[in-house]
Amino acid sequence: MVELPKLRAAVSENHRKLQPYRKNTYEAVRQYVGKHYSDDGTTDRVPVNYIKMAVQIYSRLLSARMPRVTVTSRDPELKVTAARAEQLANNLIKATDLGSRVREWVEAAMFGMGILKVGWAETGVVEWEDEMGPFQMPVGEVYAETILLDDWVQDLQARGRPWEMCSFMGHKYRMNLEEAQERQDWDKDARKALTESVRSKLTGSGDPKIGNISGGQAPNSEPLFKEVEIWEIYIPEAEQVITFGAENQSSDPSSYVDVPLSVVEWGGPRQGASYCGPYHFMGFDWPIGQSMPVPPVSHWRDMHELANQLLNKNARKAVRQKTIFGYQSGHDEDARRQRDAGDGDMVQMNDPNSVRIFENPGVDQNLLGYTMNLDQMMDKIGGNLTALGGLGPQSRTIGQDEMALGQASSQLDDMKNEVLMSVGSAIKNMLYYWWNDPVQDFADVVKVTDSIEVPFTIPAEARGEIWHDLNFEVQPYSMRHSQPEERAGFVMELLNNPNFLQILEMNEKIVNADELVSLLSDYYNIPEINDIIVSADGSPIPGLPAFGSKPSMAANTTRTYERVNRSGGGEPGGKDILNMMNNAPQADSGPAQN
């Protein structure tokens, strides 16, 4: 077992060594919020906020929507169960608002290292009984929360990424002192030694806290309740979570103890990538052999600060610019006549050279030109931000713009893969806790038609073994490089292929129109499509021919076949779907009118 004094010393030392990373993140966030946010924002104006622009563009590209998952199984007997699990899993993601947590996680990785903690929190107990007799069963809920560098610590002496070689890692949090002292699952003597931790705008190392830029804690403010800071440290080798007070606890030497509040065997999931214990990591640039990533903002910050310094300098020059008139002593009358003359007037002057114009210099054009060059350099360093953000045309032709956007998008591949891998791992771990809940039965309904819904239930006792033995695949496809629109484009391209339709006909196969509409509505995120395909009474049209089937020919008909050339390339949008539906072959209802 790890000795608490040694662990406490290691935590304190490594938290101090993380100060440069916290300081850089703190200053970058200050630049992001600018001068007009709070008292802790920047002291100078930020007229061109490159950091904010770049972070928002990449955040939209990497985490714009709520993640969704697909759960599949190679066992044909469990296909239905996998489909039901997928429906319930996506409901869980919505209920926990995972989309907001993922966006915070991605933005944290833009400024430093993104850390997400996934776990299961006990919310109560229920009375339970088995063959051994009655007992109390704990119940709880799955959670995911981001952790700031203010509250993070890890073994910085370890080589490699945190989940590879670190001997310890963890975070601290604040809680009500009275509640901490009354927790029955913590050591009695250690609980007694806990004392109040006063809130501060500075960390224990003396650097300002990132989370306090929005206002923080006033120097003389009193909290509503007494609080205490708790360290929760995960030891990968021992697979233990050790919890202890962050302060040296009591001022009474007799009450000081060298025992932790708790030592718990970590029994969480062991699946996925870029995680260690309950912690999941995200970083976009990992230098070889280093345990901390280089965030994108650190590459942009120099250009951002230089451009704003030059713009502020030129702004001060512009404010100082003025035009004044000077005249020689004894020529007051000449000065008065020139001052009172209107535009185009002719005035008599004793000495035309006695009154002169003096100009104080204003905007430095050379400085302004250099600043504009910095704008172009920032666009290039940021990976063609103008193209990625749709901020303006890059060239004179659409084709060249599309080519530039394609090249810019290719630079996103590594970042997208990092986000996909990290989010997929976190979601899979969340589903592990959810799937293995020993008490809760999960119920939902399957919508067959607009008026028919079939309920289903996956009981607790029927879930656990399935998860471990069959290795369900979980993919947050709403954030993948291959977007749902691309999948829908492939489906529509396939259905537009006459060879494919001929193969269907030869094998006496047809395409299910209802499933096609449902699939496209899901991929394009337009659920209203399902509502517009109904009969007059609001129910699905009975006997509606499936897409790809041959319509029946009326006895007397007149038809005109028209060949239409359609341009290739590009993904179909909502209008393409409606046009395809409008142009789909339909059976005639009667003889044609000549």
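Just above, that's the structure.
Thoughts on helix H5 (residues 98-111)
Phase 1: Here H5 spans 20 Å end to end across 14 residues, near enough to the 20 Å set by a 1.5 Å rise per residue.
Phase 2: Listed in full, the buried residues belonging to H5 are Leu98, Gly99, Val102, Trp105, Val106, Ala109, Met110 and Phe111.

Re the environment of Asp155
Phase 1: Note on placement: Asp155 falls in the loop between strand S4 (152-154) and helix H6 (162-165).
Phase 2: Asp155 gets classed as buried once you look at its relative accessible area, which sits at 10%.
Phase 3: Separated by 137 residues in sequence, Asp155 and Leu18 place their C-alpha atoms 9.9 Å apart.
Phase 4: In terms of polar contacts, Asp155 uses its side chain to reach the side chain of Ser167, at 2.8 Å.

Topic: the packing of aromatic side chains
Phase 1: Taken as a whole and assessed by the stated rule, the structure comprises 8 aromatic pairs.
Phase 2: Aromatic side chains Trp152 and Tyr279 sit 5.0 Å apart centroid to centroid with 80 degrees between the ring planes, which places their arrangement in the edge-to-face category. Pair noted here: Trp152 is in strand S4 and Tyr279 is in strand S10 (residues 279-282), with a separation of 127 residues, a long-range link.
Phase 3: For Trp152, a relative accessible area of 0% gives the class buried.
Phase 4: Note on Tyr279: relative accessible area 0%, which makes it buried.

Description of the environment of Leu61
Phase 1: Its location among the elements puts Leu61 in helix H3 (residues 50-63).
Phase 2: Residue Leu61 is classed as partly exposed on the basis of its relative accessible area, which comes to 32%.
Phase 3: On a C-alpha basis, the gap between Leu61 and Leu412 in space is 8.6 Å, while along the polypeptide they are 351 residues apart.
Phase 4: If we skip the residues at most four places from it in the chain, Leu61 touches Leu388, Leu412 and Lys416.

Regarding the pattern of salt bridges
Phase 1: Tallied over the entire structure, the rule returns 17 salt bridges.
Phase 2: A salt bridge links Arg22 to Asp207; the nearest nitrogen and oxygen atoms lie 2.9 Å apart. One end of the pair, Arg22, is in helix H2 (residues 19-33); the other, Asp207, is in the loop between helix H8 (188-192) and strand S6 (227-235), with 185 residues separating them in the sequence.
Phase 3: Two residues, Asp185 and Arg183, come together in a salt bridge whose shortest N-O distance is 2.6 Å.
Phase 4: Taken together, the salt bridges that share partners define one network made up of Lys172, Arg174, Arg199, Glu227 and Glu229.

Considering helix H9 (residues 296-320)
Phase 1: In a regular helix each residue adds 1.5 Å, so 25 residues correspond to 36 Å; H9 covers 37 Å between its end C-alpha atoms and thus fits that length.
Phase 2: Inspection of H9 places Pro296, Val297, Trp300, Arg301, Met303, His304, Ala307, Asn308, Leu310, Asn312 and Asn314 among the buried residues, and these make up the whole buried set.
Phase 3: Looking at the buried residues of H9, the elements they touch are H2, H3, H5, helix H11 (365-381) and helix H14 (413-435).

Here we look at unusual backbone geometry
Phase 1: Even without being a glycine, Glu239 presents a positive backbone phi close to 50 degrees.
Phase 2: With respect to the helices and strands, Glu239 occurs in the loop between S6 and strand S7 (240-245).
Phase 3: With phi around 65 degrees, Asn384 is a residue other than glycine that occupies positive phi space.
Phase 4: Inspection of the secondary structure puts Asn384 in the loop between H11 and helix H12 (385-389).

So, the sheet that holds S4
Whenever strands of a sheet pair, they do so through backbone hydrogen bonds, lying parallel or antiparallel.
Phase 1: Strand order in this open sheet of 5 strands is S4-S5-S6-S7-S8, and the pairing throughout is antiparallel. Two strands lie at the open edges of the sheet, namely S4 and strand S8 (262-265), each paired on one side alone. Across the sheet, the mean angle separating the axes of adjacent strands is 25 degrees when strand polarity is ignored.
Phase 2: As paired strands, S4 and strand S5 (residues 169-176) are joined by 3 bridges and run antiparallel to one another. Looking at S5, one finds that Val153 is bridged to Gly170.
Phase 3: In this fold helix H1 (residues 4-17) packs onto S4, S5, S6 and S7, with an angle of close to 80 degrees to the strand it touches most, S7.

Comments concerning the packing of helix H4 (residues 79-95) against H14
Phase 1: The N-to-C vectors of H4 and H14 enclose an angle of 105 degrees; their axes lie 11 Å apart at closest approach. As the angle between them shows, H4 and H14 are arranged roughly perpendicular. Residues Thr81, Ala85, Leu88, Ala89, Leu92 and Ile93 of H4 form the contact with H14, whose participating residues are Ile427, Leu431, Trp434 and Trp435.
Phase 2: Split by residue class, the contact of H4 with H14 holds 9 nonpolar, 1 polar and no charged.

Considering the side chain of Thr243
Phase 1: Take Thr243: it is sitting in strand S7.
Phase 2: Residue classification places Thr243 among the buried residues on the basis of a relative accessible area of 4%.
Phase 3: The residues touching Thr243, leaving out its near neighbours within four places in the chain, are Tyr173, Trp186, Ile230, Trp231, Glu232, Pro260, Leu261 and Ser262.

Conventions used here
Residues numbered from 1 in each chain as written. Predicted model: local features only at pLDDT ≥ 70, side-chain atom pairs only at ≥ 80, totals over all residues. Heavy atoms only, no water. Helix = DSSP H or I, 4+ residues; strand = E, 2+ residues; numbered from the N terminus. Expected span 1.5 Å × (residues − 1). Buried < 20%, exposed > 50% of the residue type's maximum accessible area, 1.4 Å probe, protein only. Polar contact = N/O pair within 3.5 Å; in protein donor to acceptor, adjacent residues only side chain to side chain. Phe/Tyr/Trp six-rings, centres within 6.5 Å; stacked < 30°, edge-to-face > 60°. Contact = heavy atoms within 4.5 Å. Salt bridge = Lys/Arg side-chain N within 4 Å of Asp/Glu carboxyl O. Pairing = 2+ DSSP bridges. Axes fitted to C-alpha atoms, helices over the stretch in contact; angles between N-to-C directions. Parallel < 35°, antiparallel > 145°, perpendicular 65-115°, else oblique. Nonpolar A, V, L, I, M, F, W, Y, C, P; charged D, E, K, R; others polar.

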